[in-house]
Amino acid sequence: MLPIFFGRATVLAEHLSAQGKTYTGDVVLGWSSSTDDGEGELTAVPAETDIDGAAVAAALAGFVGDLEQAPPAYSAVKIDGERSYDLARRGDAPTPAARTVRLESARLVELLRGPDLVARVEVACGPGFYVRALARDLGRELGTAGYLRSLRRTRVASLDVADALPLEEAEQLGASLGSRLVPATVACAAMLEVIVLPSDEGRLAHGMEIVAPVVGSGAAFARAEDGRLLAIGDIGGGHFRPKRLVDLG
């Protein structure tokens, strides 16, 4: 599932990406990967003990909450100004520093026994979380190794894959595709909302702050009484200060 933004709404992409996501993925246990996924060099790592569904479920539960997670060596994080994957491709063996991320939930969907032992998992996580790293760390927690063989994103914020359009269907809709688009304010769900009076729209259009009798402070979005998304910015002291004008009719 890939959310797509059109026109001026593209400025909202980062705000949607900062919200929670849900994935399903297959974790192959008993093998390590240099990239923590199926694209890397694989090495067999025999398990210390027999692994059953209860052990996998318990290990997954131990990761839920705020945790310190080391990103994969082949990742876009920067080390001394360079992308970690660039260093890894040069053979420099980077070790990205662990950082605090959040795993909202994790459950074992099923444990598949075949040529490989595969844990099919469903996870809900916050921004910056690497499911590949979870696969790696899950294997270690179980006394072996693990890598992520496949991954499917099923939710971003309130957008669910069940409501998504296949690319082929979107292409067939042509000009009528607009009738299937969701409101841009979906990307702003984590922000405070400011309703702008018609008399204040002119001030806002010129980048000026406006009075906003909203309780709280922090990131906010401003919309017109008729629903148009006008701007994103921040609120504090009873005033909304625009940072980016959007004006999506």
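In case you missed it, the structure is sitting above this.
All figures in this text were calculated on a predicted structure; none of them were measured in a lab.

**Student:** Help me understand the overall build of the protein, please; the structure alone is not making it clear to me.
**Tutor:** Along the protein, the regular secondary structure elements total 6 helices and 15 strands. Seen through its C-alpha atoms, the protein measures out along the principal axes to roughly 70 × 45 × 35 Å. Put simply, the protein has 249 residues, and 39% of those count as buried. Of the contacts formed within the protein by residues at least 6 apart in sequence, a portion of 63% connects residues at least 24 apart. The average position of the 25 basic charges and that of the 34 acidic charges among the side chains of the protein differ by 3 Å.

**Student:** I keep staring at the pairing of strand β7 (residues 99-113) and nothing clicks. Help me out?
**Tutor:** Taken residue by residue, a regular strand's side chains alternate between the two faces of the sheet. Relative to β7, strand β4 (residues 65-69) runs antiparallel, the two being bridged by 5 bridges. Residue pairing across strands places Gln 69 opposite Arg 99, the latter belonging to β7. A loop of 3 residues connects β7 with strand β8 (residues 117-125), the two strands running antiparallel in sequence.

**Student:** Please explain the pattern of salt bridges as it appears in this structure.
**Tutor:** Close approach of charged atoms allows side chains of opposite charge to pair. All told, the structure shown has 16 salt bridges when counted by the stated rule. Close ionic contact of Arg 90 with Glu 82 constitutes a salt bridge, the shortest N to O distance being 3.0 Å. In this structure, Glu 201 and Arg 228 form a salt bridge, with 2.9 Å as the shortest nitrogen-oxygen distance. In this pair, Glu 201 sits in helix α6 (residues 201-205) while Arg 228 sits in the loop between β13 (218-224) and β14 (229-236), placing the two residues 27 residues apart along the sequence. Using a relative accessible area of 22% as the deciding quantity, one classes Glu 201 as partly exposed.

How each quantity is defined
- Residues numbered from 1 in each chain as written.
- Predicted model: local features only at pLDDT ≥ 70, side-chain atom pairs only at ≥ 80, totals over all residues.
- Heavy atoms only, no water.
- Helix = DSSP H or I, 4+ residues; strand = E, 2+ residues; numbered from the N terminus.
- Buried < 20%, exposed > 50% of the residue type's maximum accessible area, 1.4 Å probe, protein only.
- Contact = heavy atoms within 4.5 Å.
- Lys, Arg positive; Asp, Glu negative; His and termini not counted.
- Charge placed at Lys NZ, Arg CZ, Asp CG, Glu CD.
- Pairing = 2+ DSSP bridges.
- Salt bridge = Lys/Arg side-chain N within 4 Å of Asp/Glu carboxyl O.

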